[in-house]
2 protein chains.
Amino acid sequence: MPSDESFVAVTCTAPVNIAVIKYWGKRDEELILPLNSSLSVTLHQDQLRTTTTAAISRDFLEDRIWLNGQEEDVEQPRLQACLREIRRLARKCGSTGDEDQHLLTPGPSDRVHVASVNNFPTAAGLASSAAGFACLAYTLARIYGVEGDLSEVARRGSGSACRSLYGGFVEWQMGQRADGRDSVAWQVASESHWPQLRVLILVVSAERKPTGSTVGMQTSVQTSDLLKFRAEALVPARMAEMARCIQERDFPGFAKLTMQDSNQFHATCLDTFPPISYLNDTSQRIMQLVHRFNAHHGQTKVAYTFDAGPNAVIFTLEDTMAEFVAVVRHVFPPEANGDKFLKGLPVTPVPVSDDLKATLAMEPVPRGVQYIIATQVGPGPQVLDDPDVHLLGQDGLPKPRPAA
Amino acid sequence: MPSDESFVAVTCTAPVNIAVIKYWGKRDEELILPLNSSLSVTLHQDQLRTTTTAAISRDFLEDRIWLNGQEEDVEQPRLQACLREIRRLARKCGSTGDEDQHLLTPGPSDRVHVASVNNFPTAAGLASSAAGFACLAYTLARIYGVEGDLSEVARRGSGSACRSLYGGFVEWQMGQRADGRDSVAWQVASESHWPQLRVLILVVSAERKPTGSTVGMQTSVQTSDLLKFRAEALVPARMAEMARCIQERDFPGFAKLTMQDSNQFHATCLDTFPPISYLNDTSQRIMQLVHRFNAHHGQTKVAYTFDAGPNAVIFTLEDTMAEFVAVVRHVFPPEANGDKFLKGLPVTPVPVSDDLKATLAMEPVPRGVQYIIATQVGPGPQVLDDPDVHLLGQDGLPKPRPAA
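Everything quoted here is computed from the prediction, not taken from an experiment. (Residues numbered from 1 in each chain as written. Chains lettered and ligands numbered in written order. Predicted model: local features only at pLDDT ≥ 70, side-chain atom pairs only at ≥ 80, totals over all residues. Heavy atoms only, no water.)

Asker: Outline the overall build of chain A, listing residues and values.
Answerer: On a plain count of helices and strands, chain A comes out with nine helices and 17 strands. For 404 residues, the compact-globule estimate of 2.2 N^0.38 gives 22 Å, and chain A sits close to it at 22 Å. Taken over 404 residues, chain A has a buried fraction of 59%. Within chain A, contacts between residues separated by at least 24 positions form 78% of all contacts whose residues are at least 6 apart in sequence. Here chain A has roughly 16,200 Å² of accessible surface; of this, 50% comes from carbon and sulfur atoms. Charge-centre separation for chain A: the mean point of 38 positive side chains lies 4 Å from the mean point of 47 negative side chains. (Helix = DSSP H or I, 4+ residues; strand = E, 2+ residues; numbered from the N terminus. Rg over C-alpha atoms; globule rule 2.2 N^0.38 Å. Buried < 20%, exposed > 50% of the residue type's maximum accessible area, 1.4 Å probe, protein only. Contact = heavy atoms within 4.5 Å. Areas by Shrake-Rupley, 256 points an atom, 1.4 Å probe, with all protein chains shown as cover. Lys, Arg positive; Asp, Glu negative; His and termini not counted. Charge placed at Lys NZ, Arg CZ, Asp CG, Glu CD.)

Asker: Help me get a handle on the relation of the copies chain A and chain B, residues and values and all.
Answerer: When chain A is fitted to chain B, the residual RMSD is 0.0 Å, and the transformation amounts to a turn of 180° plus an axial shift of 0.0 Å. The two molecules are tied by a two-fold rotation axis, judged by turn and shift. Scanning chain A for the C-alpha nearest the rotation axis identifies Ala267 of chain A, at a separation of 2.1 Å. Mapped onto chain B, 100% of the interface residues of chain A again fall at the interface, so both copies present the same surface. (Least-squares fit on C-alpha atoms with pLDDT ≥ 70 in both.)

Asker: Explain the packing of aromatic side chains to me, and be specific about the residues and the numbers.
Answerer: Residue and element names in this part refer to chain A. A full pass over the atoms with the stated rule returns 21 aromatic pairs over all chains. A centroid spacing of 4.9 Å and a plane angle of 55° characterise the contact between Trp24 and Phe265, whose relative ring orientation is tilted. Here Trp24 is found in the loop between strand S2 (17–21) and strand S3 (26–28), whereas its partner Phe265 is found in helix H6 (residues 251–270), with 241 residues between them in sequence. Judged by its relative accessible area of 3%, Trp24 falls in the buried class. Taking the relative accessible area as the measure of exposure, Phe265 reaches 3% and is therefore buried. Feature note: the residues Phe169, Trp194, Phe251, Phe254 and Phe315 constitute an aromatic cluster, connected by ring pairs. Its end group placed over the ring of Tyr138, Arg142 keeps NZ or CZ at 4.0 Å from the ring centre. (Phe/Tyr/Trp six-rings, centres within 6.5 Å; stacked < 30°, edge-to-face > 60°. Lys NZ or Arg CZ within 6 Å of the ring centre and 35° of its normal.)

Asker: I'd like to hear about unusual backbone geometry, residue by residue, with values.
Answerer: Residue Pro274 of chain A follows Phe273 of chain A across a cis peptide bond; omega there is -10°. Of note, Pro274 of chain A is situated in the loop between H6 and helix H7 (281–297).

Asker: Describe in detail a negative patch on the surface, supporting the description with residues and values.
Answerer: On the surface, Glu62, Glu72, Asp73 and Glu75 of chain A cluster together into a negatively charged patch. On the secondary structure map, Glu75 of chain A appears in the loop between strand S8 (70–72) and helix H1 (77–92). (Patch = residues over 30% accessible without salt bridge, like charges linked within 9 Å, V, L, I, M, F, W, Y side chains within 5 Å. Salt bridge = Lys/Arg side-chain N within 4 Å of Asp/Glu carboxyl O.)

Asker: Tell me about the side chain of Asn263 of chain A, and please be specific about residues and values.
Answerer: Summarising the element assignment, Asn263 of chain A is placed in helix H6. Looking at Asn263 of chain A, its side chain comes within polar contact range of the side chain of Tyr304 of chain A, at 3.0 Å. Leaving out residues up to four positions away in the same chain, Asn263 of chain A has contacts with Met287 and Tyr304 of chain A together with Leu270, Thr272, Phe273 and Pro275 of chain B. (Polar contact = N/O pair within 3.5 Å; in protein donor to acceptor, adjacent residues only side chain to side chain.)

Asker: Which residues make up the sheet that holds strand S15 (residues 342–344) of chain A, and what are the values?
Answerer: Residues and elements named next belong to chain A. Spatial ordering of the open sheet is given by S13-S14-S12-S16-S15, a layout of five strands whose pairing is mixed. Strands with a single pairing partner mark the edges of an open sheet, and in this sheet they are strand S13 (302–305) and S15. Put simply, the sheet's adjacent strands are angled 25° from each other on average, direction ignored. For strand S12 (residues 197–203) and strand S14 (residues 312–317), the ladder comprises six bridges, and the chain directions are antiparallel. Residue pairing in the sheet places Leu200 in a bridge with Ile314 of S14. Sheet contacts for H6: S12, S13 and S14; angle to S13, the most-contacted strand, approximately 25°. Sheet strands in contact with helix H8 (residues 318–331) are S12, S13, S14, S15 and strand S16 (371–376), and its direction is about 140° off that of S14. (Pairing = 2+ DSSP bridges. Axes fitted to C-alpha atoms, helices over the stretch in contact; angles between N-to-C directions.)

Asker: Residue-level account of the nonpolar core, with values.
Answerer: Counting 146 residues, the largest nonpolar core has Phe254, Ile314 and Phe315 of chain A together with Phe254, Ile314 and Phe315 of chain B as its most contacted members. With sequence-adjacent residues up to four places away left out, Phe254 of chain B is seen in contact with Val20, Val41, Trp194, Leu197, Met242, Cys245, Ile246 and Phe315 of chain B. (Core = buried A, V, L, I, M, F, W, Y, C linked by side-chain atoms within 4.5 Å.)

Taken by themselves, the reported measurements are silent on function.
Structure representation (C-alpha cells):
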C-alpha cells in the first residue's frame, strides 16, 4: 500500500449540458472538430452530475480507470487522447514533477488512477459522456496543475464535453483551424443570468439508445445532404439569434428556436441512410402536448428539445413549471409509485383546468413517461474539498460504494 | 325524369399513384404548381381504383356531385377549377353543343352530374384525391369530347392527380411558366416495362390523417429551410437518377433512392414548424424491418415509401414478394381473421428461416399492420363500356349501391 506522502487525490464534479443549437457531425474524426458551432444550457449539479476522483502515486504502475464501479479499458482511444492532451499541457505549464513539490503538483509522467460515477442512468440519452469527459478533464487538470481552457482535453473525449466545462449558457465555436486549437467552448452568459429558467427532463425510456451518436454522426455526414446544408447555411444565423434570445432573456424566441433546432437535427437524422430515428411515439406526443399547451395560452410558454434518444428536455419559466408538470401527469398518468414521479426541485401540485384539458384533447397514456427530473441552470465543474468524498482509497482502488 | 334522348353518361376508372420522388409544397397555391418535379408508379386498378360516372342532361339545372354516395358541395374551389378548366378546353376543342350532335357531344354549358366511388378507404393516406380528380378529369373529358393532355384539369383538383392520368411510371414536371401550362405529367415508361415489379401496401391505420397535405405543405413552404433546399438543389438530380433506374430496371438503385426520398420528404415535414409527423412507431418498425431484411440478403431487395400517413408502400420484385409477406406476418402477427390479412394478388405462403428471424431480431407486435394489399404496376384511366356500371341512373341520381 502506498504511503501517505506519495499519494495525492482530487475529486471534482461536472454538469450535464443540453444543446439548444445542436451539434451533429464532425469535420475531423480524430481531433473531434464539429461541422458547426453549437450552444447549450448547463444543468444544475444538484440534480445531475458526474463525480470523478483522480489519484496519483509513485507506486502506481499504470493508468487505470473505473466508471460506475466497473474497471474500463484504459487503452480506449478517446481516453488516451485526453490523457495525452492533459500531459502535454502539464509539460507546457512547467509542471515537471519536481521532488520538493511532489505532494502538491505531480508530474506529467506520473501514472493516474481515475474513478467516476454518475448520479443518473448512463447512456439513457442524458449526455453522460459529456459530463464524464468534462469531469475527467477538469479533475486531471487539478491534479496535474494545468491552468487555462480545457476545451481541447474534454473535446478529445467527447465533442460536447467541452460545453460542460462552463456553467450557464455555453457556446462551442466550431473554429476554422485544421489543428482545432480554435474549436473551444466559452460562456455566453453565467448561471445567474436568467434565474427564472427551469428545466424538466421527461425520462421516456431508460433503455440503451439504438444508434450510438458517434456512429450515427458518421453515417449522417456521409449520407445526408440536408445535414451539410444545415451546418453551412443555417446554423450560423441560428447561433447569433440564440445568443440574442439568451442575452435579452426573450423566452418565446429562445423556446421557438430551441424546438426548431431540435426538429431540424432529427430531420437530418431521418435524412441519413439508413435513417436514424431517436423519437418514438411518446416523444411525438410530448411535442404535440407542448404545441397545444402553447396554443392554449396564446404564447410560447414551453419548449422541448431531444438529443440522441427519446427523452424530452423541457424548458419553461418558473411561473409555468407547476402547470406543465400537472399537464404531463394528466397525459401520462404515473404508475402506482406516483410519489416518485417527480424528482429534483420541488413543484407544488396544481390542478389542470377543464378548458386546458379540452384544448389538449389527448387521451391519457399510462407509462409513457417514467419520471420527471425538475432542475435549473447551474454552474460549471466544482472541486470538492472534503477528502471523505474521494472515490478512490489510499490503495488507489475504488472505495466500496454506498448503497443507493 | 329526363327522357332517354337528352341523357348521356360515361363511366371511367382511374388508378392510385405512389410517388417515389415526392411532391411536397406549391410555388403557386391557386394554379397548384409544385416546388419540384416528382415521379410516381401507377398502381393496378384491379386492386385500387376510383370509378366515376359523369352524366349530362338538358334537364339538369345545376352541377351536382356525389362521393361514395354522399352529395358534396359542388361549389368547393378545386372542383370548380376542374369544371371551369374542362369547359374551357371543350370550347377550345370546338365542342359547341350543336343541336344535331347533342347526344354524342354535350356542350360546355351543359350542367353535369358526377358520382364517384373508391374501392379503398378514403383519406387513409392512399392518395384517394389523386385517383379521384384524375378520374373526374378523364370522365369529364370523355363526356365533353375533350382531347389531349388533361394534366391541367386534374392538377387543379389535386396536384398529384395529374400523375394518375397515365399508367406505368409517370413524371410530373414542375414547369417554369407562371401560367402553369408546362407543369404537366408524362409517361416515363409504360406499365409493361418492368413486369417483375410488385407493390405491397401495408395498412397501418385507417384513421384520418392528422395533418391534411394541403395545409401541411403550406406550413412546410413557409417554415422549412430544408424543404426549399431539397426542392431546388437536390430533386433535379434525383429525378434524373430515378428515371435512369427505371429505364434500366435497376432495382437496387430504384429501391435505395425511393427510400432516401421518402425519408427526406418526412425530414422536411419534421423541419416544418410546428413539426408534422406522419410516421408512427409501426412505420418506424417497418423501415427497420426492410433495412434488416436487405442486410440479411446482402442486397437491396425491398424498399419502403410513406406518403402523408403511417401506411407503408413496399416495392419488391416478384421473386421476393412471398418471403417479404411472410416476414411481415412474422413481425406483425395478424389477428384471428388471418385469412383476410392479405388482399389483392395471390401470394404463396412460405416459411421464414430461423436464420432470417435471427437477423431481424424483432419481437412480434400484434395488430401493428392491419392488412396487406398486394398489387403491381398498372395502366392509366379506362372507359367502361357496359352501361350497367353507371353510378348514376337516368334520373341523374346515384343508383342504390350494391352491398359491399
